[in-house]
2 protein chains.
Amino acid sequence: MDRKNIPRATVRRLSLYCRYLAEIREQDIEYVSSRELGGGIGTNAAQVRKDLSFFDRFGTPGRGYPVGFLHQRLEQILGIDGRRWQVAIIGVGRLGSALVDYGGFLKHGFHVVAVLDSDKKKIGQTVKSLTIEDVADLKAVIERSRVDIVVVAVPAEFAQRVATQAVDAGIRAVLNFAPATLILPEEVNLRHVDLAVAMESLSFHLIR
Amino acid sequence: MDRKNIPRATVRRLSLYCRYLAEIREQDIEYVSSRELGGGIGTNAAQVRKDLSFFDRFGTPGRGYPVGFLHQRLEQILGIDGRRWQVAIIGVGRLGSALVDYGGFLKHGFHVVAVLDSDKKKIGQTVKSLTIEDVADLKAVIERSRVDIVVVAVPAEFAQRVATQAVDAGIRAVLNFAPATLILPEEVNLRHVDLAVAMESLSFHLIR
């Protein structure tokens, strides 16, 4: 399977299916139909079948998907089956420090192993038992802490520079929270989290 | 147009098209093809045409979409054309306080007008010139500040309770950041922002 062929929206839904399956698995539900699974995340049965068809055949005719098995497979597919991902957060402002102890990251195997900032007053202080390091030492920190994923949480005007530095240091996965569009080499996986997008989906409905 | 017919993923992409159009509009680009517009947000031309077809006919054959006009229309459609949305944030932990001054909200017309917490030590303190109020007074705060949208940023175990209280006070739009699944009446618009979903899209690609 070539990753290029899988739409981004499908990968996003795989995470949501995975969450929903974890929930119903706790309730000891053994099988789930594509309709129920879709309903659980706000999509339809056809979309569920299409999304899962990129991978294996999961369903049993007439019974639906086996919950435990599908949950496990999705965790494998997403790379969160007990694997440990090492994350560095650049920018220890309010958002950056909120992300350091965001429970959802740890729960899914993303461990914040380094935090960096350019503010001399912050460098040397600790956040959740991590010492804030100088972003000027980014390359050394990435190598020493074997960082897989870099989170950019700096003000918009510095975002491109720190992201480029991270990529130059060998990083191939960047999660950007700064309200800025980053340009990075095509082989780098880049995701932009724009918190206003979810808000706009609410305003879209409120005016109707 | 019935809002029920518009897929969630389409509404999400409308926000992303809107961002991209704002950018190229600043560069004085007058027309954009569906291929370019799709490329700008990581989707394809057919998807762009399908998403926009829920609304008007925007394109001019052979020339593409007029950037300024389409941008303006999408702002209208999303309800962010100069309209002011009043937001209350419940839970002034790290994430909650990061959201109070998240630039992306203000830029798109979302004004945080109230912050609430249950912690007696926090109540009465100020965040960005807003006085933290007691969540026990939620209904009064929502009425007084004419709140449109409530952001839930409390620990998972309290999320359902405060969301239900907000809905009982008349709120019809809830943005949930707590790692918990909320159950609210169908007429309430509810969005869950799970920050680990974007992270998993990176791990999905890193293992391939």
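Everything numeric here is computed off the predicted structure, so don't read it as measured data.

Further remarks concern the overall build of chain A. The secondary structure content of chain A amounts to nine helices and nine strands. Expressed as a percentage of the 208 residues in chain A, the buried residues total 53%. Partitioning the contacts of chain A with sequence separation of at least 6, the portion at a separation of at least 24 is 56%. Accessible area of chain A: about 9,900 Å², with a carbon and sulfur share of 47%. Of the side chains in chain A, 28 bear a positive and 24 a negative charge, and the two mean positions are spaced by 3 Å.

On to the packing of aromatic side chains, then. Tallying each qualifying case throughout the model produces four aromatic pairs over all chains. An angle of 75° between the planes, with centres 4.9 Å apart, marks the rings of Tyr102(A) and Phe105(A) as edge-to-face. Judged by centre distance (6.4 Å) and plane angle (90°), the ring pair of Phe204(A) and Phe55(B) falls under edge-to-face. With Phe204(A) in helix H9 (residues 195-206) and Phe55(B) in the loop between helix H3 (45-53) and strand E2 (65-66), this residue pair bridges two chains. We classify Phe55(B) as buried; its relative accessible area is 14%. The positively charged end of Arg208(A) is found above the aromatic ring belonging to Phe204(A), 4.0 Å away from the centroid.

In many analyses, interface size is given as the accessible surface area lost on bringing the parts together. On the side of chain B, 60 residues touch chain A, which itself brings 60 residues to the contact. The largest share of the area that chain A buries against chain B comes from Arg94(A), Met199(A) and Glu200(A), three residues that together contribute 13% of it. We note a salt bridge from Asp101(B) to Arg94(A), for which the minimum N-O separation is 3.1 Å. Counting the contacts that link chain A with chain B gives 21 residue pairs in polar contact (both at pLDDT 80 or more). At twelve residues, the largest contribution of residues to the side of chain A that touches chain B is made by H9(A). Across the side of chain A that touches chain B, the residue classes tally to 35 nonpolar, eleven polar and 14 charged.

Residue and element names in this part refer to chain A. The seven strands lie next to each other as E5-E6-E4-E3-E7-E8-E9, forming an open sheet whose pairing is mixed. Where the open sheet ends on each side, the last strands, each with one partner, are strand E5 (126-127) and strand E9 (189-192). Sheet topology note: the strand E4 (residues 110-117)/strand E6 (residues 130-134) ladder contains three bridges and is parallel. The partner of Val115 across the bridge, within E6, is Ile132.

Another aspect to go through is unusual backbone geometry. The phi torsion at Lys128(A) lies on the positive side, around 50°, for a residue other than glycine. When you line up the elements, Lys128(A) lands in the loop between E5 and E6. Positioned with a positive phi, Asp28(B) is a non-glycine residue whose angle comes to about 60°. Structurally, Asp28(B) is set in the loop between helix H1 (8-26) and strand E1 (31-32).

Glancing now at the sheet that holds strand E6 (residues 130-134) of chain B. Residue and element names in this part refer to chain B. With mixed pairing, seven strands are arranged side by side in an open sheet as E5-E6-E4-E3-E7-E8-E9. Strands at the two margins of the open sheet, each flanked by one partner only, are strand E5 (126-127) and strand E9 (189-192). Of the strand pairs in this sheet, strand E3 (residues 85-90) and strand E4 (residues 110-117) are connected by six bridges, and their pairing is parallel. What sits directly across from Ala88, in E4, is Ala114. Strands in contact with helix H8 (residues 156-168) are E3, strand E7 (149-152) and strand E8 (173-176); relative to E7, the strand with the most contacts, it is inclined by about 170°.

In the superposition of chain A on chain B (RMSD 0.0 Å, axial shift 0.0 Å), the rotation amounts to 180°. Between the two chains, the operation in question is that of a two-fold axis. Taken as a fraction of all interface residues of chain A, those also at the interface in chain B reach 100%, which identifies the copy contact as same-surface.

All names here are of chain A. Assignment of secondary structure puts Ile132 in strand E6. In the structure, Ile132 is positioned 42 residues away from Ile90 in sequence and 9.5 Å away in space, judged by C-alpha atoms. Excluding residues within four positions of it along the chain, Ile132 makes contact with Val92, Val115, Leu116, Asp117, Lys122, Ile123, Gly124, Gln125 and Val127.

This brings us to the domain arrangement of chain A. When its domains are assigned, chain A resolves into domain 1 (3-78) and domain 2 (85-196). The straight-line distance from the C-alpha centre of domain 1 of chain A to that of domain 2 of chain A is 31 Å.

Moving on, we come to the side chain of Ser15(A). Relative to the assigned elements, Ser15(A) resides in helix H1 (residues 8-26). Using a relative accessible area of 0% as the deciding quantity, one classes Ser15(A) as buried. Here the side chain of Ser15(A) touches Glu200(B) through a polar contact of 2.6 Å, side chain to side chain. Here Ser15(A) is in contact with Leu78(A), Val197(B) and Glu200(B), once residues within four sequence places are set aside.

Before going further, it helps to examine the confidence of the model for chain A. On average, residues of chain A carry a pLDDT of 91, and 98% of them reach 70 or more. The ipTM for the predicted assembly is 0.89, set against a pTM of 0.82.

If you trace the backbone, Asp194(A) turns up in the loop between E9 and H9. For Asp194(A), a relative accessible area of 17% translates into the label buried. A distance of 2.9 Å separates a polar atom in the side chain of Asp194(A) from the backbone nitrogen of Ala196(A). Only 2.5 Å separates the side chain of Asp194(A) from the side chain of Arg19(B), close enough to count as a polar contact. Contact partners of Asp194(A), with chain neighbours within four places excluded, come to Arg19(B) and Tyr102(B).

Conventions and cut-offs
Residues numbered from 1 in each chain as written. Chains lettered and ligands numbered in written order. Predicted model: local features only at pLDDT ≥ 70, side-chain atom pairs only at ≥ 80, totals over all residues. Heavy atoms only, no water. Helix = DSSP H or I, 4+ residues; strand = E, 2+ residues; numbered from the N terminus. Buried < 20%, exposed > 50% of the residue type's maximum accessible area, 1.4 Å probe, protein only. Contact = heavy atoms within 4.5 Å. Areas by Shrake-Rupley, 256 points an atom, 1.4 Å probe, with all protein chains shown as cover. Lys, Arg positive; Asp, Glu negative; His and termini not counted. Charge placed at Lys NZ, Arg CZ, Asp CG, Glu CD. Phe/Tyr/Trp six-rings, centres within 6.5 Å; stacked < 30°, edge-to-face > 60°. Lys NZ or Arg CZ within 6 Å of the ring centre and 35° of its normal. Buried area = accessible area lost by both parts, 1.4 Å probe. Salt bridge = Lys/Arg side-chain N within 4 Å of Asp/Glu carboxyl O. Polar contact = N/O pair within 3.5 Å; in protein donor to acceptor, adjacent residues only side chain to side chain. Nonpolar A, V, L, I, M, F, W, Y, C, P; charged D, E, K, R; others polar. Pairing = 2+ DSSP bridges. Axes fitted to C-alpha atoms, helices over the stretch in contact; angles between N-to-C directions. Least-squares fit on C-alpha atoms with pLDDT ≥ 70 in both. Domains from an automatic or database assignment. pLDDT = per-residue confidence, 0-100.

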